[in-house]
Amino acid sequence: MSVDKDTVAKIARLARIRVEDSQSEALAGELSNILGWIEQLSELDTEGVEPMTSVVSMKLPLRDDAVTDGGYPEEVTANAPEAAHGFYAVPKVVE
Amino acid sequence: MALIEGKTGAWEMVIGLEVHAQVISKAKLFSGASTAFGAEPNSQVSLVDAAMPGMLPVLNRHSVEQAVRTGLGLNAKINLTSVFERKNYFYADLPQGYQISQYLHPIVGEGTIILDLEDGETREVGIERLHLEQDAGKSIHDQHPSQSYIDLNRSGVTLMEIVSKPDMRSAEEAGAYLRKLRTILRYLGTCDGNMDEGSMRADVNLSMRRPGEPFGTRTETKNVNSIRFVQQAIEAEARRQVEVLEEGGEIVQETRLFDGMTGKSRSMRSKEEAHDYRYFPDPDLLPLELDPAWIEEIKASLPELPDAKKSRFMSGFGLPAYDAGVLVADREIAAFFETVAEGRDPKLAANWVTGEFFGALNKSGIELADTPVDAKKLGGLLDLIADGTISGRIAKEVFEAMWESGEDASAIVEAKGLKQISDSSEIEGLVDDIIANNPKQVEQFKGGNEKVLGWFVGQVMKATQGKANPGLVNQVLRQKLG
Amino acid sequence: MAALADLTIAGARGLLGKGEVSAKELTEAHITAVEAARPLNAFITETPEKALEMAEASDKRRAAGEAGLLEGLPIGMKDLFCTEGVLTTAGSHILDGFHPTYESTVSRNLWDAGAVLLGKTNLDEFAMGSSNMTSHYGGVENPWRKSGDNRPLVPGGSSGGSASAVAARCALGATGTDTGGSIRQPAAFCGIVGMKPTYGRCSRWGIVAFASSLDQAGPMTRTVRDSAIMLRAMASYDPKDSTSVDRPVPDYEAAITGDIRGMKIGIPKEYRIDAMPEEIDALWQQGIQWLEAAGAETVEISLPHTHYALPTYYIVAPAEASSNLARYDGVRYGLREPGESLDEMYEATRGKGFGAEVKRRVLIGTYVLSAGYYDAYYNKARKVRSLIARDFAKAYETVDAILAPTAPSPAFGMGDKMDDPIAMYLNDVFTVPASLAGLPGISVPAGLSQDGLPLGLQILGRAFDEETVYRVAGVLEEAAAFEAKPTFLAA
């Protein structure tokens, strides 16, 4: 699978990672190499094989419906780059 | 089926609804933070809800039970294995950068809802699926000129997304669907159904077609937060699509946003293009496996649901479909009615509950739970009617007094001396006086004017302040005038 | 003082128990060693004051007769574990200034057992790497040098700081995390013992996630016994981690009996790869002889899908990582780069905050999950993963444990392989299969390369059979009698 600059731009956009134009050519090459390498899986016949859901053989645990957490808004925003009046603050979102 | 007449002929709406219903639970879907409404910003947020590094989700058993209850209430298939997947996208109020949802393997499969239409008819709408997912936080855009504020109190609250089949054909049906769904959820106690608080939100999928033709391309109008708005959004979008189609245009499959203020919707296509949700099973969770015995236990604990209750009211109480439908629309009202009707004439009880009682509730704007006249008291009033202590007319007066004071009917009747006069000698005396004093009217009656009888009845009632037994008055009058 | 830092966990425990040394003295000796080893860049954050406080508290507890499993023992904590009030970086610029308000379950278990925090050890950014060169805080040096060649070498990765610190006698032990070999490979490169327990044995709660279905914490120590002691303190059932397994934690130390007579050890033929250096193959053969001499029977086994483990891993891990790392968005913690709009802020923050290797993996992960590719890549990889797990399950029907090399080469030079991601990924060829199957594996230093660098052999076991793994590893360790010390200590 070969990845071009446009594809790099598209997935970088999906991943919200700024990729400078100057890097995208090199990145396209690297990603193509890696994808080409992992593509060897396609030679393996996996017809009828169940995809692995988890390596642990156990049931999903369930917890009781009780309020056991929260109530510490200062901790929630303690590490925020920007907070105001108990909220996180981000550049204005226009919907 | 309501058709829309376009310039080029009739069009039919094809409507499917996706409802997001907030599950009633104390704590969130994957964290132990509270779900209570209206707290200080970020005060009901755990480290998990804020997506702090290294935090992990643990599933709330009650949320699962609520989904199963709802599935059973919708006569739907409960899937013994379901899978939580991550829906990946970036947004300010989505702290993890993904929403934990169910995608390929929802907890509940196909089911049905029976709509009760205005004319008393019913219509079946299919349920496609129900799945569990996390709610997002809240963005507040109007507090700062260049910033949005984020509150994560709702982040992680359990939602059920209930997806209908495209079985509805009019805005009225969509309204009936939402009302019925809300009734069922409230009966089950799985969602409070308060659309104005956002605990129930609807996305509308709509396409137009010529009757009998295959489905057309649909649009999705998001986050419509009242039944009235849903109906408005449907009407507006249907007209828009008909216009586009009749001008030879094509409907673009897109997401639209409804504005309740203007009653219009606009395209969100620009945002849509960038979306590729990259669903994959959440590796922090294992597949959810349900024990069939648990499902049976939940099934056994279900209350009588509105459809069953309605048929019982119809067959057991002989109520007409419309009355029965009105009474079962609210579980508390149905229970109230049953208490009133217990050991009494059910039709009389139904008339009083849906008539005077509903009227008083609406007029005073109070909730059933706070009514000054509870079911026992209303029953007491009906007993006085039944045993002839008061007439139906006096009963209305007594009811008003009960509503004012909260006192028992018998106490009011006693205190105000409203007891019906059923003593025939007393009535005969009154009738004799009236006949003696009104020869002209007697002449008229004798001359064949039956209407004058009503005038005589009125005179007796006037003289007794309405307390005379109307049957007895009629009988005595006919006898004396005859 | 150097002598104190040269103790093992078991040895230090003995001296502390007899009152011949205090936790404070032991900690002071290690603080000195940490300072002396700064050229290795093994620590991102040193916490000497906290260490002394904890040591003093430990001495009080011991005096009160309340000594825990690791009472008074100073250790390093990989900077992927969130530590309350102590800077936690995951080796990334994007977590700038992040001071967790919470303590990871594993570190909490260690403090509850009496351990003392010396500092947070360096690592590949978000644990993505096999060299420790991708850390925002700079590469870590391996305390070993080739004989006659003074060029610095990598300690391996991603737990390179922990490996380097333990090998350089800065800490009695350190925590690591292993996603595809991040404990075992650096342990092998630095001549120490690295144990990756069964997936689900140690809680993942509070560990910065890389690939959730693979990540597993484990101890890095200088001896097998120390590893057993430390794992017992780290492991627990944790209801806060839905993949944590509820079963009792055994006394792993008691499993090191030295007796492996009658055990069957599998030798996987598919691990004999073409590019295997002669010296590593020779060490492997030597390992077989050691185990046979101790009374075990070795049998050739087949793990037929071994060849596909690496490409499977490089789909599964980046896919999960692309989603796990979405939370680093400049809103709630860490770095924020300004942007006019929310999206611009995201892109600027993540563009600047993530290093080259993290970006590569996030982009690969995003790509393999994106519309139209999910089945061909991610779902395919999940199926192959089932086949790989099945290979092991079948092998364990006949054998009790598996012996293999840990890595296909000794430590390489700092800066080597950096321009060839795939060559770098091949470091994990022997460690990744057990990670994909969630199985326990330990790397034990077993010999030196011709250049005088440590080489490791790996023992793999059945799920939750760490005891057998330790028993065999103990025998291997004794037979190998690895006594060589890193060049750095001689300097």
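A quick note: this is a predicted structure, and the numbers were derived from the prediction, not measured.

Caption draft 1: Highlighting the interface of chain C and chain B. The interface of chain C with chain B comprises 39 residues on the first partner and 29 residues on the second. Between chain C and chain B, the buried area comes to about 2,700 Å², and carbon and sulfur atoms account for 59% of it. At the boundary of chain C and chain B, one finds one salt bridge. Among the salt bridges present, the one from Arg204 of chain C reaches Asp284 of chain B, with a minimum N-O distance of 3.1 Å. Taken together, the links from chain C to chain B amount to 16 residue pairs in polar contact (both at pLDDT 80 or more). Counting only elements with at least two residues in the side of chain C that touches chain B, the list comes to helix H10 (309–324), helix H11 (342–353), helix H12 (356–369) and helix H13 (375–395) of chain C. The biggest single contributor to the side of chain C that touches chain B is H10 of chain C, with four residues. Its residues assigned to classes, the side of chain C that touches chain B shows 20 nonpolar, 10 polar and nine charged.

Caption draft 2: Expanded view of the side chain of Asp79 of chain C. Residues and elements named next belong to chain C. Looking at the secondary structure, you find Asp79 in the loop between strand S2 (74–78) and helix H5 (105–112). The exposure class assigned to Asp79 is buried, which follows from its relative accessible area of 0%. Within polar-contact distance, the side chain of Asp79 engages the side chain of Thr89 at 2.6 Å. Dropping the residues within four chain positions of it, Asp79 is found in contact with Ile44, Leu87, Thr88, Thr89, Ala90, Gly91, Lys120, Thr121 and Leu123.

Caption draft 3: Main features of the pairing of strand S13 (residues 219–224) of chain B. Residues and elements named next belong to chain B. As paired strands, strand S12 (residues 200–209) and S13 are joined by four bridges and run antiparallel to one another. Of the residues in S13, the one forming a bridge with Val204 is Thr221. Sheet analysis places S13 next to strand S14 (residues 255–259), joined by three bridges and oriented parallel. Paired with Lys222 across the strands is Leu257, a residue of S14. Read as a crossover between parallel neighbours, the route from S13 over helix H3 (residues 227–246) to S14 is left-handed.

Caption draft 4: Structural context of the packing of helix H13 (residues 424–437) of chain B against helix H16 (residues 470–481) of chain B. All names here are of chain B. Packing of H13 against H16 brings their axes to within 10 Å, and their N-to-C directions diverge by 50°. When the interaxial angle is binned, H13 and H16 end up oblique. Crossing geometry of H13 relative to H16 is assigned as right-handed. Taken together, the residues of H16 that come into contact with H13 (itself represented by Ser424, Ile427, Glu428, Val431, Asp432 and Ile435) are Leu472, Val473, Val476, Leu477, Lys480 and Leu481. Split into classes, the residues belonging to the contact of H13 with H16 amount to eight nonpolar, one polar and three charged.

Caption draft 5: Structural context of the sheet that holds strand S9 (residues 138–140) of chain B. Strands sit in the order S2(A)-S3(A)-S10(B)-S9(B) across an open sheet of four strands; the sheet is antiparallel. Every other strand in the sheet has two partners, leaving strand S2 (83–84) of chain A together with S9 of chain B as the edge strands with one partner each. Looking at chain direction, S9 of chain B and strand S10 (residues 147–151) of chain B are connected through three bridges and run antiparallel. Residue pairing for S10 of chain B: Ser139 of chain B is matched across the bridge by Ile150 of chain B.

Caption draft 6: Fine view of the sheet that holds strand S3 (residues 116–121) of chain C. Residue and element names in this part refer to chain C. With mixed pairing, 11 strands are arranged side by side in an open sheet as S1-S3-S2-S4-S6-S5-S10-S11-S9-S7-S8. Of all strands in the sheet, those bounded by a partner on one side alone are strand S1 (43–46) and strand S8 (297–301). In this sheet, adjacent strand axes meet at a mean angle of 30° when their direction is disregarded. Across two bridges, the pairing between strand S5 (residues 193–196) and strand S6 (residues 216–221) is antiparallel.

Caption draft 7: Here's a closer look at helix H2 (residues 9–17) of chain C. All names here are of chain C. Within the sequence span of H2, burial applies to Ile9, Ala10, Ala12 and Leu16. Down the axis of H2, the buried side of the element spans an arc of 165°, and every buried residue falls inside it. Residues of H2 that are buried in the fold lie against helix H3 (23–36), helix H4 (48–63), strand S4 (173–178), S6 and helix H8 (224–234).

Caption draft 8: Spatial organisation of the side chain of Thr219 of chain B. Residues and elements named next belong to chain B. With respect to the helices, strands and loops of the structure, Thr219 is situated in strand S13. A residue is classified by how much of its surface remains accessible, and Thr219, at 1% relative accessible area, is buried. A polar atom in the side chain of Thr219 sits 2.8 Å from the side chain of Glu237. With sequence-adjacent residues up to four places away left out, Thr219 is seen in contact with Val204, Asn205, Leu206, Glu237, Arg240, Gln241, Ile251, Val252, Glu254 and Arg256.

Caption draft 9: Quick peek at the interface of chain A and chain C. Counting from both sides, the interface comprises 47 residues of chain A and, opposite them, 68 residues of chain C. Summing both sides of the interface, chain A and chain C together bury roughly 5,000 Å²; the carbon and sulfur share of this comes to 69%. Three residues, Trp37, Leu41 and Met52 of chain A, lead the burial of chain A against chain C; their summed loss comes to 14% of the area buried on that side. Our count for the chain A to chain C interface comes out at five salt bridges. In this structure, the salt-bridge partner of Arg16 of chain A is Asp343 of chain C, at a minimum N-O distance of 2.9 Å.

Conventions adopted
Residues numbered from 1 in each chain as written. Chains lettered and ligands numbered in written order. Predicted model: local features only at pLDDT ≥ 70, side-chain atom pairs only at ≥ 80, totals over all residues. Heavy atoms only, no water. Contact = heavy atoms within 4.5 Å. Buried area = accessible area lost by both parts, 1.4 Å probe. Salt bridge = Lys/Arg side-chain N within 4 Å of Asp/Glu carboxyl O. Polar contact = N/O pair within 3.5 Å; in protein donor to acceptor, adjacent residues only side chain to side chain. Helix = DSSP H or I, 4+ residues; strand = E, 2+ residues; numbered from the N terminus. Nonpolar A, V, L, I, M, F, W, Y, C, P; charged D, E, K, R; others polar. Buried < 20%, exposed > 50% of the residue type's maximum accessible area, 1.4 Å probe, protein only. Pairing = 2+ DSSP bridges. Right-handed = clockwise from strand over helix to strand, strands pointing away. Axes fitted to C-alpha atoms, helices over the stretch in contact; angles between N-to-C directions. Parallel < 35°, antiparallel > 145°, perpendicular 65-115°, else oblique. Left-handed = near helix turned anticlockwise from the far one by under 90°. Arc of directions from axis to C-beta.

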